[in-house]
Amino acid sequence: MDSQLKNGPEKNNLENESENSAFLANGEQFSVSRQISINQKDTTCGVWCLKGNCLQKFANKKAYVILYGLLGCIFSASFAYFNGTITTLEKRFKIPSRTTGIISVGNDLSQLLMSVILSYYTGRGHRPRWMALGMYTVVLFCIMTALPHFLYGPGLDALSLTKEFQLNDNSTSDSFLTEQSSFLCSSNHKNDTQCEEEGSNFSPQLILFAAQFISGIGGSLYYTLGVSYMDDNIKRSKTPALFSFSYFIRMLGPAIGHGLASICLKVYISPSLTPTIDTKDPRWLGAWWLGWIILALILFIFASLLAFFPKTLPRAAIRKEIKRQASRISNKPMEAEPETLPSFKDMIKTFRRLAANRTLMLNNFAAVFYFLGYMPYWIFLPKYIETQYRQSASASSLITGSAGLVFSAIGILISGLIISKFKPRARYLAAWNVIVGAVSVMGIISYAYLGCEENDNRAPVLPSGELNPISDCNSDCYCDYVKYNPVCSSDGTKTFVSACHAGCKKLIGINGTDVFADCSCLRQENKLVENRVNDINTPINWDFVRPGSCSVDCFSQFYMFLCVVCLLKFSGATGRAANFLVTVRCVEEKDKSVAMGFGLMLMSLCAFVPSPILFGIIMDKACLVWGKTCTGNGNCWLYNGESLRYTMNFTAATFVFIGTLFDGGVCYYVKNLQIFDEEIELEEDIATAIN
């Protein structure tokens, strides 16, 4: 197959053309022989025996940009899917938010440890194949994340809320009534010993962390090698537009991931069973594991296709050769490709060279603080919407993916097209990032004031900000280990953690619906109900509560919040192309891959690792009701919305403000940076040579 390629028309076009070509270099006209010799092995598309002209026609920048974007789309969809199913994972395996934050930084830890080293050694090899190998680790990540469901099943909490469980021989209707009765106020200490053993199993958490750690290897190879390969194989004038286009495709991934999470979470965690509750019930557990199987299959297919790309695209190889000839004729020295083999000594020398680059370091630290402030919204936004605006897990994932992330994709695409068309100076690009940072700070601060007062007032919160579920009316009920099972007063104005916390002592039926009655905390609201327990039609005075939280109308505040989210997503995305261009233009060409890996290491160390943990702790501090396990607290069921809103948003705004100050420093130091060079490029001759 190789011999056919060498003797084919492409070989003749590339090496045997003797016609001269004219071009301008430094204002003078020169003539260059079109005897162009390139390495066929490096420009041939395919793997092993899978080569040929049918594949070679895809060895171009358009095919690469589209495939790179699609692969990034599914890759980012997998992390968005994880974020969209966080609350379900926490409920299923009794995981607090601080532990979820630690799990989510597993991939950032591996990037911190390996990104620079991997980018240094693999950046000089066959980058598409290294990227494909990295994506296979992401496939493994998807499989491992779904593994806990197949090892541990849907859990007893989910099974007990199904019709099949209630009709089972070992779980008769009498036992179901006993289960319901466990939520009632008890005059003895029996509830005090009914803690949950399931929350003490740390194996699922370890599996999830290991999966995240493995995915970081693929993530670092994809980001560091992918953009450097793109920039090396595309004209500089077209880089912003094509980079933005690939990023546009990739930005659709989170929308797909959250959309897939929304669809899967509408399916019960065990699809073969019939649940007795609906998706609006806080105890609902969706099929969080289902999407991982779909994502793993698609990722494997796209990763395999990426491995078929050549080490260097044919056009880029010809362009470099023409530029080399032009440099030789014009007696202008041209930067030679690095001849030294990768070594530890050279790697340390490269790191020192990058650390001394002021523009690069300021740009990296600006990105660090920007990500520090925005990480909680990328990871915990669905949960934030659930707690602040009382949306279901499914709706929160769908809204997060479809609203803000689509605006991000549009922003990155428009900015790339504008930069490619008008070719602004580096200082203008950096100044725009300062403006974007200022808008982000104001927008995040506005989040703190876009709360739902009606939702904030539903929980019995003390002036100190703490919940006081124990009062005189239920002090003798021993409700410490009663599961979170919210009930609403008959007038729809007050929500209790459970019927036990409302002081209810009886379970009765009204019009076919079970309600909890004889509630000591509602003595002042006497209602006439039928005594279904003894089947007596004599009306008696009993105070009662209905299962479920009281309804809350937060839609107007929620829509305002979404508008601000979309604005910030759009404005923030317009600065991505500028950040990328500054990073790859302020370093030597041979250092592009390492510079990307160096920046990724800094962001992992200073932003990606600490930010989820910090904001996970902030969320846990705002928790009002913890699920109790025999080893301590499990997941949080109810948050202090006002406290969480102010603490989280003002902390994030502070980080973004510091990042904006660093962007100001970038704006000062890039005044002499050249983004778009006067390039010597013979597109017509190149097209003739490879066609």
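Criteria and thresholds
Residues numbered from 1 in each chain as written. Predicted model: local features only at pLDDT ≥ 70, side-chain atom pairs only at ≥ 80, totals over all residues. Heavy atoms only, no water. Axes fitted to C-alpha atoms, helices over the stretch in contact; angles between N-to-C directions. Helix = DSSP H or I, 4+ residues; strand = E, 2+ residues; numbered from the N terminus. Parallel < 35°, antiparallel > 145°, perpendicular 65-115°, else oblique. Left-handed = near helix turned anticlockwise from the far one by under 90°. Contact = heavy atoms within 4.5 Å. Nonpolar A, V, L, I, M, F, W, Y, C, P; charged D, E, K, R; others polar. Core = buried A, V, L, I, M, F, W, Y, C linked by side-chain atoms within 4.5 Å. Buried < 20%, exposed > 50% of the residue type's maximum accessible area, 1.4 Å probe, protein only. Pairing = 2+ DSSP bridges. Salt bridge = Lys/Arg side-chain N within 4 Å of Asp/Glu carboxyl O.

### Things to note about the packing of helix 26 (residues 610-621) against helix 27 (residues 641-669)
Next, step 1: Contact geometry for helix 26 and helix 27: axes closest at 9 Å, N-to-C directions at 160°. As the angle between them shows, helix 26 and helix 27 are arranged roughly antiparallel. Both helix 26 and helix 27 take part in a crossing whose hand is right-handed. Residue-level inspection shows L614, F615, I618 and M619 of helix 26 in contact with helix 27, the latter providing L644, T647, M648, T651, A652 and F655.
Next, step 2: Class assignment of the residues belonging to the contact of helix 26 with helix 27 gives a composition of eight nonpolar, two polar and no charged.

### A look at the nonpolar core
Next, step 1: Counting 145 residues, the largest nonpolar core has Y64, W292, L299, I444, Y447 and F561 as the members making the most contacts within it.
Next, step 2: Element by element, the count of residues in this core is highest for helix 18 (residues 358-389), at 18 residues.

### Looking at the sheet that holds strand 5 (residues 487-489)
Next, step 1: Strand order in the open sheet formed by five strands is 6-5-11-8-7, and the pairing between neighbours is antiparallel. Sheet topology places strand 6 (495-496) and strand 7 (504-510) at the edges, where each strand pairs with a single neighbour.
Next, step 2: Examined bridge by bridge, strand 8 (residues 513-519) and strand 11 (residues 544-547) share two bridges and lie antiparallel to one another. Bridging across to strand 11, A517 finds its partner in F544.

### Overview of the packing of helix 14 (residues 239-266) against helix 20 (residues 404-422)
Next, step 1: Closest axis-to-axis distance for the helix 14/helix 20 pair is 8 Å, and the angle between their directions is 180°. Here helix 14 lies roughly antiparallel to helix 20, going by the angle between them. Residues P240, A241, S244, F245, Y247, F248, M251, L252, P254, A255 and H258 of helix 14 lie in contact with helix 20, whose contacting residues are L405, V406, S408, A409, I410, I412, L413, S415, G416, L417, I419 and S420.

### Observations regarding unusual backbone geometry
Next, step 1: Despite not being glycine, K423 shows a phi value in the positive range, around 45°.
Next, step 2: Tracing the backbone shows K423 in the loop between helix 20 and helix 21 (426-447).
Next, step 3: Looking at K423, the relative accessible area reads 39%, which means it is partly exposed.
Next, step 4: Positive phi is not limited to glycine here, since D518 has a value of about 55°.

### Some points on the pattern of salt bridges
Next, step 1: Applying the stated criterion across every chain yields a total of two salt bridges.
Next, step 2: Taking the shortest distance from any N to any O, the salt bridge between R353 and E588 comes out at 3.9 Å. Separated by 235 residues along the polypeptide, R353 in helix 17 (residues 344-355) and E588 in the loop between helix 24 (576-585) and helix 25 (592-608) bring together distant segments of the chain.
Next, step 3: You can call R353 partly exposed: its relative accessible area is 27%.
Next, step 4: Via salt bridges that share partners, R353, E588 and D591 belong to a single interconnected network.

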